[in-house]
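# Geometric and topological summary
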Amino acid sequence: MSSLLLVVLAVVTSVFAQSDVRLPPNVIIPDSPKVVYKNQKADFSLPCQAKGIPEPSYEWLRGGIPLIVSPQITFDSVKGDITFNDFTTREEGVFTCVARSMFGTTTVKSFAPTYTLKQSRVEEFKTNATSSVVAEEYSYTKLECANKGEAVGEEIGYNWYDFSGNQIKIEDRHFIDQKGTLHFSYVTTADGNVRQYKCGISATGLSYIQLGGIVLLTIKTIASPTAISPQIQYTNSGTKFIRFTTATLECFFSGYDPQYPNVPATKWYFDDGNEIIATGRYSFSADHRRLIISNVDEADEKNYYCQAQNTRGTSNKEAVFLDVTSSPIFYPNGAPVDQTISEGKDAVFNCNARSARGETEPDYPVWYINGQQVGSQTDKTKFVFTDGNKKLTIRSLKKATDIMCIQCSVSNPVGTTWADGCLNVLLPITILKQPAATQEIDHGDTIDLTVTATTDPSQNLTYRWKHNNTESLNPPPFVIYNPSTREAHINTSNLNTDQYESVRGIYIINVTHVFDYHVVEVNVILKDKPKPDSVAQGATFDMWIIGLIIGLILLILVVILIIFIICRKQQEGAYNVDKKETGAGLDPEKELKDKGFDDYSRPVYNEDYDFPNKPPNKADLEYDDVPIGDDESLGEYGYEADTHFNEDGSFIGIYQKREPQPPPHATESTI
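Here's what I pulled together on the structure shown here.

Rules used throughout
Residues numbered from 1 in each chain as written. Predicted model: local features only at pLDDT ≥ 70, side-chain atom pairs only at ≥ 80, totals over all residues. Heavy atoms only, no water. Helix = DSSP H or I, 4+ residues; strand = E, 2+ residues; numbered from the N terminus. Buried < 20%, exposed > 50% of the residue type's maximum accessible area, 1.4 Å probe, protein only. Contact = heavy atoms within 4.5 Å. Areas by Shrake-Rupley, 256 points an atom, 1.4 Å probe, with all protein chains shown as cover. Pairing = 2+ DSSP bridges. Axes fitted to C-alpha atoms, helices over the stretch in contact; angles between N-to-C directions. Disulfide = S-S within 2.5 Å. Polar contact = N/O pair within 3.5 Å; in protein donor to acceptor, adjacent residues only side chain to side chain. Core = buried A, V, L, I, M, F, W, Y, C linked by side-chain atoms within 4.5 Å. Salt bridge = Lys/Arg side-chain N within 4 Å of Asp/Glu carboxyl O.

### Quick look at the overall build of the protein chain
Helix and strand counts for the protein chain stand at six helices and 50 strands. Residues classed as buried in the protein chain amount to 35% of the 671 residues present. Contacts spanning at least 24 positions in sequence make up 63% of the contacts within the protein chain whose residues lie at least 6 apart. On the protein chain, roughly 39400 Å² of surface is accessible, and the fraction owed to carbon and sulfur atoms is 53%.

What follows is the structure, encoded as structure tokens:
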């Protein structure tokens, strides 16, 4: 009974898990950090929107701690928006939207990029004291915007006004830099007539201007002006600009020219000497005293050069250094990102950042799990930190407990970079039914290719087939397939010889969804037909190797035999009889000298010739007078012993030691 109860509980748990679709919250608005400027007393709202299953709820942080709701600041925990009423500097700060979902007893939190709120304003000058400047006509002069109060806004503007409050008309010889200083390429008596100058500061969206103290300008007249060559007076070299913002480089030359346009003409150059043209990210102010570069990055950090010219001469090129700075920059794949992984596997999150080129390296990362900073309460066997705390590995994922969001922050002297990535855990692909891995069949048998599987309910499974290097969503030829039940088989009794031959080989069924896959492989072997190509090819390959080896051995034997025969022939052709006789202990040369060869011919037949008692006269012997018998032998010459030759065909030495015997008495039988 208890066993049955356990089985029922297991089935119920499995069904519940299969129907439990979960998706961690994912903030889609805002999608990047933003700085927001608002006027004093403004009423407005900022959006926050996230997706997830179940639908997430919202909360807000101010300066990293939970926001305390007040009449001036409220938020909607269902829709996510935050609302400000009667906005002032007291509501300034860094605000973070947090989307949260509940999975069982676990609260999963995802953090949005921050909103930095600032009130647009221009504060009064710290003092309105009067100052004086005396300058010689046609010389360079500047009036500084001193004792400024704080100016905050999307865009800050500087202008100069006369004693009546009228704005000074800006001409070619005037230039107002980003600090508000008014530069004169040269001054005239008309500038002295104004006498009283005031610096004014404004901000975008504000309806008022803050005016500074009076600056008295006195001009000394010159009777006979002459041209003055360009001289550098001001640059903003070394000014820091945040990465991906717009940088403005400034360069101002003094100089006077009696000819129009009277002021030096300015040009800009890259560090390789090429002139900069207004195109793409590069533009200029109307007077070319400003070079504007949009969306600057580290590659833009270098010297740019300005140069001025008039009829009196050309200035040197002046370097203006662009310093690009940044809060920590994540390396490629260095920030936590959203991940979806099947149960049983590990998840890896990175938090690896650097500072801008040439700047102080960032501190070690600080990690958070669902918004709670990692500490002594963190399970170190489950959450493993390596690579100098830059890598987090979450081991052996479980859907029931490990759906979460991971955050990390990295800081340097410029600021802090924050990243958020959520982990979704899915039930794995489980094969419920699969055919035998190897199926040996005869013609008429049925091939079973049925594969059924299940996985997380949030995913749809796709079955891909592959046979004989052909891949498709549709089953291979001759497969009878039921897409609703996934049953698949081949009835070979309906196939002709060629069709039957074509069904052999490897069948691969790849069960997949977006985040996981499982491969089932079936090898079909025809018992009454040749082995599959792969086996036949392997056998052919082996026989070919064996044949090659045997052929090489036979070739080597033939070559050895030929060499032996050639050497033997050469030896026989140069055979020396004298050498062999000498080797036998004889001296053929001496033997020939001692014995020699006499000239012999057959003796003349003479009945009165008494051969045994009277040797014949050599002169009486004629060869043709003696009849030749059928059986020729040396016995005719008195040698009855058997004669033979040496094995090499010679007879030298054979008769050397034998005593000559007298020839027998001539009879009829010898005639």
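### Brief notes about the sheet that holds strand β25 (residues 282-284)
Strand order in the open sheet made by the four strands is β21-β23-β26-β25, with antiparallel pairing throughout. Each edge of the open sheet carries a strand with a single partner, namely β21 (228-235) and β25. Direction aside, neighbouring strands of the sheet carry axes that sit 25° apart on average. When strand β23 (residues 247-256) meets strand β26 (residues 290-293), the two strands line up antiparallel, connected through four bridges. If you follow L249 over to β26, its bridge partner there is L291.

### With respect to the state of the cysteines
Inspection of the entire model under this criterion finds five disulfides. Two residues share a disulfide in this structure: C48 and C97, whose sulfurs sit 1.8 Å from each other. One disulfide, between C48 and C97, carries an S-S torsion of -80° and so falls in the left-handed class. Here the residue C48 occupies a position in the loop between β3 (42-46) and β4 (49-53), and C97 occupies one in strand β9 (residues 93-103), the gap between them amounting to 49 residues. Residue C48 shares its accessibility class with C97, and that shared class is buried. What pairs with C145 in a disulfide is C199, and their sulfur atoms sit 1.9 Å apart. Disulfide C145-C199: the torsion about the S-S bond is -85°, which places it as left-handed. Of this pair, C145 sits in the loop between β14 (141-143) and β15 (151-152) while C199 sits in strand β19 (residues 196-203), placing them 54 residues apart in sequence.

### A word on the environment of S32
With respect to the helices, strands and loops of the structure, S32 is situated in the loop between β1 (23-29) and β2 (34-38). A relative accessible area of 27% means that S32 is categorised as partly exposed. The spatial distance from the C-alpha of S32 to the C-alpha of A112 is 8.1 Å, given a sequence separation of 80 residues. If we ignore the near neighbours within four places in the chain, the residues touching S32 are P113 and T114. Engagement of the side chain of S32 in a polar contact is seen with the side chain of D31, the distance being 3.5 Å.

### Description of the pairing of β26
Of the two faces of β26, only the one carrying L291 and I293 is buried; R290 and I292 on the other face are not. Where β25 meets β26, three bridges bridge the pair, whose relative direction is antiparallel. Along β26, the bridge assignment pairs F284 with L291. Joining the antiparallel neighbours β25 and β26 is a turn of five residues, in which H288 adopts a positive phi near 65°.

### Side note on the nonpolar core
Counting 24 residues, the largest nonpolar core has F349, I394, I406 and L423 as the members making the most contacts within it. Mapped onto this core, the elements with two or more residues apiece are β33 (347-350), β35 (366-369), β38 (391-394), β39 (404-412) and β40 (415-426). The dominant element in this core, judged by the number of residues it contributes, is β39, at five residues. For I406, the residues in contact, after removing those within four places along its chain, are P336, F349, W367, Y368, I369, L392, I394, A419, D420 and G421. Membership of the second largest hydrophobic core comes to 23 residues, among which are A453, Y463, V503 and V520.

### Some details on the sheet that holds strand β37 (residues 383-386)
In space, the three strands of this open sheet follow the order β33-β38-β37, with antiparallel pairing throughout. The sheet is open, and its two borders are formed by β33 and β37, each paired with just one other strand. Going from strand to strand, the sheet's axes swing by 20° on average, the running direction of each strand aside. When β33 meets β38, the two strands line up antiparallel, connected through four bridges. Along β38, the bridge assignment pairs V348 with T393.

### Brief notes about the pattern of salt bridges
A full pass over the atoms with the stated rule returns 26 salt bridges. Salt-bridge contacts for R354 lead to E298; the nearest nitrogen and oxygen are separated by 2.7 Å. Here the residue R354 occupies a position in strand β34 (residues 353-354), and E298 occupies one in the loop between β26 and β27 (303-310), the gap between them amounting to 56 residues. The shortest N-O distance in the salt bridge between D442 and K527 comes to 3.6 Å. Within this pair, whereas D442 is found in the loop between β42 (438-441) and β43 (446-448), its partner K527 is found in the loop between β50 (516-526) and α4 (533-573), the two being separated by 85 residues in sequence.

Any link to function would need more than the numbers given here.
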